[in-house]
Amino acid sequence: MKRRNIIEKIWDQHLIHQEDGKPDLLYIDLHLVHEVTSPQAFEGLRMNHRTVRRPDRTFATVDHNVPTSENRETKDAISKIQIETLQKNCKAFGIELADIYSPHQGIVHVIGPELGLTQPGKTIVCGDSHTSTHGAFGAIAFGIGTSEVEHVLATQTLWQKRPKTMQIKVNGNLGIGVGAKDLILAIIAKYGISVGTGHIVEYTGEAIHNLSMEERMTVCNMSIEAGAKAGLISPDQTTVNYLRGRRFAPKGAAFDQAAQNWLALASDDGAEYDRTLEIDASEIQPQVTWGTNPSMGASINDLVPDPESFDDEEKRQAARKAIAYMDLKPGTPIHAIPIDVVFIGSCTNSRIGDLRQAAEVVRGNHVHEGVRALIVPGSYQTKKQAEAEGLDQIFKEAGFEWREPGCSMCLAMNDDIVPVGKRCASTSNRNFEGRQGTGSRTHLVSPAMAAAAAIQGHFADIREFTAIH
Amino acid sequence: MHPFKTFEGRVCPLDRTNVDTDQIIPKQFLKRVERKGFGSCLFYNWRFDEKGNKKKDFVLNKPEYAQSSILVARDNFGCGSSREHAPWALQDYGFRVIIAPSFADIFYNNCQKNGILAIRLDSPRVDELIRRGATEALALTVDLEQQKLSAPNFAEHFEIDPYQKEVLLKGLDEIAMTLTYEDEIVAYEKQHEAVVH
Ligand code: SF4
């Protein structure tokens, strides 16, 4: 039999209909819904007298525009309507909603795995591009637009052209102080933001195998920033261990059976891909982005590049624009860039492991004068866990704000906004112009690097920082 | 969805690569629960300054492009988020056709679902359109049936997936079409129910 990779295996398992000249009709196992990209889809259902085909395969939460203040009061009237619209829609169509006061509320890509909804072998969609996060479990998970949200609600299927497959093989191991965020930023810096277009990526290799589930989510989360449709990692024992005992995971003997099926999904030895890229993990340094897309990144010990040093005019032009927007000077050491705001959160880096790493750096130190630093846990469960471990105390004593879960300053749809012209060290995934607030300037980093920047008031090499403090 | 057959319009050159959806429609405008009314927010941070005044040098604000309906930009147009508000805003503003050497996948799909024709064209040809669009009142005719673009001294064939072409040409309601496969969906569910949660 042909040796297949995991992408082909899952795709083939979900085929409902195949016909020449048409995309494949794929079954969707899990549909995650949030307040921003769903109202028009539910409205479309109503207009056409349609209903939700499988409410039991649909799960909703509010995350994008919810306030992260303690009282969780939405001051903005339009945001409020959006949240209430989701509440009404979930009620009307029988969909479970992790509402704002629910113990399960959180960023959709944090709670899916946490609740065990995300499982190997599933097809998972959500009206959000970072749905690729769920691929960490060995699922085909991708973001869709609102029309497709409506299509999935009505039919539990999608027409999808079979994507090409790509392997990104990460050889060797990451050095001390270098984490999953540095790895994925380095991959994007090396290969660019459109290398994955039209592909689903499988991350393989020793360094990937050694990552925890949470770190794998960080890597898969940013697949979309490399342009990929989705990114995934073959399930192994780490995956199985993570899922055991979670609310929606199978129980007892059914779990053991499921675990066997999951492990069998892993790519066959010698499976082929349309394209394979390789990177050496041991060469990767802590990363900081200097520009306005995630590929404009550098190692902590590099300098802000000179736009004229790029090899083609398009890149030179893009770099000039980016450096002007970011108000940087070519040749400035990256670690010398001063910081006004630090945001630790988002579906890339707001899980318990991320918070532990940040707390380790923060312990016994204090946020630099003039810096505003926020920690926004990805979910209530994460927040509770962190509090049980006393992490909140470490952060608060150091001068960090300890907030309620949500997307928050990742896209600044609520009140958590980086002011005009201010510079933010952020653990999120996008450094686009204005992403964190009109005129805001974003530098993407790992949680440990963000924590160190909060304390120093400028970037610092986390490896030296830990040695000194 | 309106069927798309042939279309003639004025070219607006947007000489930028990697135009992301946060630029096409910034997040502060994503809070509406309707599909309409996003046109005024299109490229907001490029069109308006902090006080809400029009930035004169941005191409969409130049009077000669006020009526343009074909947007031409560079590589990787529409990268970033999955927000369908991006094509809604483009459409509401008046664009029916977007031409670029390449598009981000989700954005490309979202266009088609809304009856916007996204056309991939070789970089040199896009370059030509951008240069000419910047210096002359360039009207372009788009014939989807024939997959042809034409203008004075310009003729080019373009590729499009046959399925996407059909959906656009007929203005198909995709959900209605999918529901004709109901039997197959039910059969699939029966067969697989045991394995998934
Ligand atoms: S945290 Fe940011 S990237 Fe993730 S889902 Fe929310 S807004 Fe999107």
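Residues numbered from 1 in each chain as written. Chains lettered and ligands numbered in written order. Predicted model: local features only at pLDDT ≥ 70, side-chain atom pairs only at ≥ 80, totals over all residues. Heavy atoms only, no water.

*Asks:* What's the story with the overall build of chain A in this structure? I'm lost.
*Replies:* Looking only at helices and strands, chain A has 16 helices and 19 strands in total. Here chain A has a C-alpha radius of gyration of 21 Å; the compact-globule value for 469 residues is 23 Å, and the two agree. Every one of the 469 residues in chain A was classed for burial, and the buried ones make up 66%. The long-range fraction of contacts in chain A, counting pairs at least 24 apart against all pairs at least 6 apart in sequence, stands at 77%. Carbon and sulfur atoms form 50% of the exposed surface of chain A, whose accessible area is close to 16000 Å². (Helix = DSSP H or I, 4+ residues; strand = E, 2+ residues; numbered from the N terminus. Rg over C-alpha atoms; globule rule 2.2 N^0.38 Å. Buried < 20%, exposed > 50% of the residue type's maximum accessible area, 1.4 Å probe, protein only. Contact = heavy atoms within 4.5 Å. Areas by Shrake-Rupley, 256 points an atom, 1.4 Å probe, with all protein chains shown as cover.)

*Asks:* What exactly am I supposed to notice about the site of the ligand here?
*Replies:* Residue and element names in this part refer to chain A. Every residue near the ligand is listed here: His-64, Ile-107, His-109, Asp-128, His-130, Ser-346, Cys-347, Cys-407, Cys-410, Leu-411, Asn-429 and Arg-435. Structurally, the ligand is housed in the largest cavity. Its residues placed into classes, the shell around the ligand shows five nonpolar, five polar and two charged. Both domains that furnish three or more residues to the shell around the ligand are identified here as domain 1 (6–275) and domain 2 (286–468). (Near = heavy atom within 4 Å. 1 Å grid on protein atoms, 1.4 Å probe; cavity = no way out; pocket = protein on both sides within 12 Å on 5 of 7 lines; lining within 4 Å. Sits in = over half its atoms within 2 Å of the grid points. Nonpolar A, V, L, I, M, F, W, Y, C, P; charged D, E, K, R; others polar. Domains from an automatic or database assignment.)

*Asks:* Just checking my understanding: could you explain the state of the cysteines for this structure?
*Replies:* Should the sulfur atoms of two cysteines be covalently bonded, the bond is a disulfide. Throughout the structure, instances matching the rule amount to zero disulfides over all chains. You can see Cys-126 of chain A has no disulfide; the closest cysteine sulfur is in Cys-407 of chain A, sitting 9.7 Å from it. Unpaired in terms of disulfides, Cys-12 of chain B finds its nearest cysteine sulfur in Cys-111 of chain B, a separation of 15 Å. Accessibility expressed as a relative area gives 0% for Cys-12 of chain B, which makes it buried. (Disulfide = S-S within 2.5 Å.)

*Asks:* Looking at this model, I keep getting lost on the packing of aromatic side chains. Mind explaining?
*Replies:* Each pair of aromatic rings is reported with the distance of its centres and the angle of its planes. Under the definition given, this model contains 22 aromatic pairs over all chains. With a centroid separation of 5.9 Å and 15° between ring planes, the pair formed by Phe-395 of chain A and Trp-402 of chain A is classed as stacked. Take Phe-395 of chain A and Trp-402 of chain A: they sit in the same class, and that class is buried. For the pair Phe-77 of chain B and Phe-103 of chain B, a centre-to-centre distance of 6.2 Å together with 80° between the ring planes defines the contact as edge-to-face. With Phe-77 of chain B in the loop between strand E2 (70–73) and helix H3 (85–93) and Phe-103 of chain B in the loop between strand E3 (97–100) and helix H4 (105–113), the pair connects residues that are 26 residues apart, well separated along the chain. In this structure Phe-77 of chain B comes out as buried when scored by relative accessible area, which is 0%. A connected cluster of aromatic rings, assembled from ring pairs, spans Phe-77, Phe-103, Phe-107 and Tyr-108 of chain B. (Phe/Tyr/Trp six-rings, centres within 6.5 Å; stacked < 30°, edge-to-face > 60°.)

*Asks:* What is the right way to look at the sheet that holds strand E1 (residues 15–17) of chain A in this model?
*Replies:* The strands that make up a sheet pair up through hydrogen bonds in the backbone, lying either parallel or antiparallel. All names here are of chain A. An order of E1-E2-E8 is seen for the three strands of this open sheet, with the pairing classed as antiparallel. Two strands in the sheet have a free side with no partner beyond their single neighbour: E1 and strand E8 (157–160). Adjacent strand axes in the sheet meet at a mean angle of 40° when their direction is disregarded. Pairing analysis gives four bridges linking strand E2 (residues 24–27) to E8, with the strands arranged antiparallel. The residue of E8 that forms the bridge with Asp-24 is Gln-160. (Pairing = 2+ DSSP bridges. Axes fitted to C-alpha atoms, helices over the stretch in contact; angles between N-to-C directions.)

*Asks:* I tried to follow the pattern of salt bridges on my own but got confused; where do I start?
*Replies:* Opposite charge on two side chains allows them to pair when their charged atoms are near. Residues and elements named next belong to chain A. The final tally for this structure, using the stated rule, is 44 salt bridges over all chains. The partner of Glu-313 in a salt bridge is Arg-316, with the nearest N and O atoms 3.0 Å apart. With Glu-313 and Arg-316 both in helix H11 (residues 313–326), this residue pair falls three residues apart, about one helical turn. Glu-313 sits in the partly exposed class, given a relative accessible area of 40%. (Salt bridge = Lys/Arg side-chain N within 4 Å of Asp/Glu carboxyl O.)

*Asks:* Whenever I open this one, the interface of chain A and chain B confuses me. Can you help?
*Replies:* When the parts come together, some accessible area is lost, and that loss is often what is quoted as the size of the interface. Opposite the 71 residues of chain A that make contact, chain B presents 58 residues. Across the interface of chain A and chain B, roughly 5200 Å² is buried in total on both sides, 52% from carbon and sulfur atoms. Counting every contact that joins chain A to chain B gives seven salt bridges. A salt bridge links Arg-435 of chain A to Asp-22 of chain B, with the shortest nitrogen-to-oxygen separation between them at 3.1 Å. Where chain A meets chain B, there are 30 residue pairs in polar contact (both at pLDDT 80 or more). Of all elements in the fold, only E1, E2, helix H2 (39–47), helix H3 (77–93), helix H5 (146–155), E8 and H11 of chain A reach the threshold of two or more residues within the side of chain A that touches chain B. Of the residues in the side of chain A that touches chain B, the class split is 21 nonpolar, 30 polar and 20 charged. (Buried area = accessible area lost by both parts, 1.4 Å probe. Polar contact = N/O pair within 3.5 Å; in protein donor to acceptor, adjacent residues only side chain to side chain.)

*Asks:* What is the right way to read the UniProt feature "domain: Aconitase A/isopropylmalate dehydratase small subunit swivel" (unreviewed entry) in chain B from this model?
*Replies:* Under the present numbering, the feature "domain: Aconitase A/isopropylmalate dehydratase small subunit swivel" (unreviewed entry) in UniProt falls on residues 1–122 of chain B. End C-alpha to end C-alpha, residues 1–122 of chain B measures 28 Å, and it is 21% helix and 17% strand. (UniProt positions renumbered as here; feature names shortened; annotations may be inferred.)

*Asks:* Please explain the pairing of strand E15 (residues 341–344) of chain A as it appears in this structure.
*Replies:* Working note: regular strand, side chains alternate between the two faces of the sheet. Residues and elements named next belong to chain A. Burial of the side chains of E15 extends over both faces: Val-341 and Phe-343 are buried on one face and Val-342 and Ile-344 on the other. In this structure, E15 lies alongside strand E16 (residues 372–375), joined through four bridges in parallel fashion. Paired with Val-341 across the strands is Arg-372, a residue of E16. In this view, the connection linking E15 to its parallel neighbour E16 by way of helix H12 (residues 352–362) has right-handed handedness. (Right-handed = clockwise from strand over helix to strand, strands pointing away.)

*Asks:* Any chance you could explain the packing of H2 of chain A against H5 of chain A here in plain terms?
*Replies:* Axis angle and axis distance: for two packed helices, these are the angle between their axes and the distance between the axes, and together they describe the pair. All names here are of chain A. At a minimum axis separation of 8 Å, H2 and H5 run at an interaxial angle of 50°. In terms of orientation, H2 lies oblique with respect to H5. In this structure, H2 meets H5 at a crossing whose hand is right-handed. Contacts from Gln-40, Ala-41, Phe-42, Gly-44 and Leu-45 of H2 reach H5 at Thr-146, Val-149, Glu-150, Leu-153 and Ala-154. (Parallel < 35°, antiparallel > 145°, perpendicular 65-115°, else oblique. Left-handed = near helix turned anticlockwise from the far one by under 90°.)

*Asks:* Quick question: what am I supposed to make of the UniProt feature "binding site: [4Fe-4S] cluster" (unreviewed entry) in chain A here?
*Replies:* Residue and element names in this part refer to chain A. Residues annotated in UniProt with the feature "binding site: [4Fe-4S] cluster" (unreviewed entry) correspond here to Cys-347, Cys-407 and Cys-410. The largest pairwise C-alpha distance within this set of annotated residues, which runs over 64 residues, is 8.7 Å, so the set is compact in three dimensions. Narrowing the list just given to those that line the largest cavity leaves Cys-347, Cys-407 and Cys-410. Of note, Cys-407 is situated in the loop between strand E17 (401–402) and strand E18 (423–426).

*Asks:* I'm lost on the side chain of Ser-132 of chain A in this one. Help?
*Replies:* Residues and elements named next belong to chain A. On the secondary structure map, Ser-132 appears in the loop between strand E6 (123–126) and strand E7 (140–143). Ser-132 sits in the buried class, given a relative accessible area of 1%. The residues contacting Ser-132, other than those within four sequence positions of it, are Ala-141, Cys-220, Asn-221, Ser-223, Ile-224, Ala-230 and Gly-231.

*Asks:* Can you help me understand helix H1 (residues 6–13) of chain A in this one?
*Replies:* Residues lying three or four places apart along an α-helix face the same way, a consequence of the helix completing one turn every 3.6 residues. All names here are of chain A. Burial of H1 is extensive: six of the eight residues sit out of reach of the surface. Listing the buried residues of H1 in full gives Ile-6, Ile-7, Glu-8, Lys-9, Ile-10 and Trp-11. The N-cap of H1, judged by a side-chain oxygen 3.0 Å from the amide nitrogen of Ile-7 a few residues on, is Asn-5.

*Asks:* Whenever I open this one, the pairing of E3 of chain B confuses me. Can you help?
*Replies:* Residues and elements named next belong to chain B. Side chains Val-97 and Ile-99 project from E3 onto one buried face, and the interleaved Ile-98 and Ala-100 project onto a second face that is buried too. As judged from the three bridges shared by E2 and E3, these two strands associate in the parallel manner. Bridging across to E3, Val-72 finds its partner in Ile-99. Running through H3, the crossover from E2 to the neighbouring parallel element E3 is right-handed. Alignment of E3 against strand E4 (residues 117–120), held across four bridges, turns out to be parallel. Bridging across to E4, Ala-100 finds its partner in Arg-120.

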